[in-house]
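Working through the structure, step by step
Next come the chains, spelled out residue by residue.
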Amino acid sequence: VGGTVASKMLSALRPDLFMMWDIPIARAYGFDPGIAGYRRFLQLMAPATLRMRALWGSRRPSLEEYLKFEGREWWPPLTKLVDEWHWVRITRKHAPEA
């Protein structure tokens, strides 16, 4: 299995631990789209998500609750929220609103 399929399988099993990715995301980071590139991507994203949590601190609502969009009935883990950011900004090429 390639990196994209592996990321989706691992994310389904442990969504709080494994972030999904795809070839456009791999290319945006300059990583090989295979397993080695995915491993490097996770090594980059782990401290990034820990930093997000540290910056949020113990504020209420929780970071996940704050980032949950209206209409979503469940609170996704931070890894899923970062995955969705990548998908919107990189894969779908939506620029941030001014």
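The paragraphs below set out a description of the structure included in this document. (Residues numbered from 1 in each chain as written. Predicted model: local features only at pLDDT ≥ 70, side-chain atom pairs only at ≥ 80, totals over all residues. Heavy atoms only, no water.)

We now examine the overall build of the chain. Helix and strand counts for the chain come out as five helices and zero strands. For the chain, the succession of helices and strands along the chain, N to C, is α-α-α-α-α. Computed over the C-alpha atoms, the radius of gyration of the chain is 14 Å, within 12% of the 13 Å expected from 2.2 N^0.38 for a compact globule of 98 residues. Considered along the principal axes of its C-alpha atoms, the chain spans approximately 40 × 30 × 25 Å. Residue pairs at least 24 apart in sequence account for 43% of intrachain contacts in the chain once pairs closer than 6 positions are excluded. A total of about 6700 Å² of accessible surface is found on the chain, and carbon and sulfur atoms cover 60% of it. Separation between the mean location of the 15 positive side-chain charges and that of the 10 negative ones in the chain comes to 6 Å. (Helix = DSSP H or I, 4+ residues; strand = E, 2+ residues; numbered from the N terminus. Rg over C-alpha atoms; globule rule 2.2 N^0.38 Å. Contact = heavy atoms within 4.5 Å. Areas by Shrake-Rupley, 256 points an atom, 1.4 Å probe, with all protein chains shown as cover. Lys, Arg positive; Asp, Glu negative; His and termini not counted. Charge placed at Lys NZ, Arg CZ, Asp CG, Glu CD.)

Mapped onto the elements, Asp22 comes out in the loop between helix H1 (3-13) and helix H2 (23-29). We note that Asp22 is buried and unpaired, the nearest opposite charge coming from Lys8 at a distance of 5.6 Å. Within the structure, Asp22 has its side chain in polar contact with the side chain of Thr91 (distance 2.7 Å). With residues up to four places along the chain from it excluded, the contact list for Asp22 reads Thr4, Trp87 and Thr91. (Buried < 20%, exposed > 50% of the residue type's maximum accessible area, 1.4 Å probe, protein only. Salt bridge = Lys/Arg side-chain N within 4 Å of Asp/Glu carboxyl O. Polar contact = N/O pair within 3.5 Å; in protein donor to acceptor, adjacent residues only side chain to side chain.)

Now for the nonpolar core. Grouped together as the largest cluster of nonpolar side chains are 15 residues, with contacts concentrated most on Met19, Trp21 and Phe41. Mapped onto this core, the elements with two or more residues apiece are H2, helix H3 (35-56) and helix H5 (78-91). Among the elements that make up this core, the one with the highest residue count is H3 (five residues). When neighbours within four sequence positions are excluded, Met19 is seen to be in contact with Ser7, Tyr38, Phe41, Leu42, Met45, Thr49, Thr79, Val82, Asp83 and His86. (Core = buried A, V, L, I, M, F, W, Y, C linked by side-chain atoms within 4.5 Å.)

So, on to the environment of Leu10. Within the secondary structure layout, Leu10 lies in helix H1. Leu10 sits 67 residues away from Pro77 along the chain, and the two C-alpha atoms are 14 Å apart. In this structure Leu10 touches Phe18 and Tyr38, once residues within four positions along its chain are discounted.

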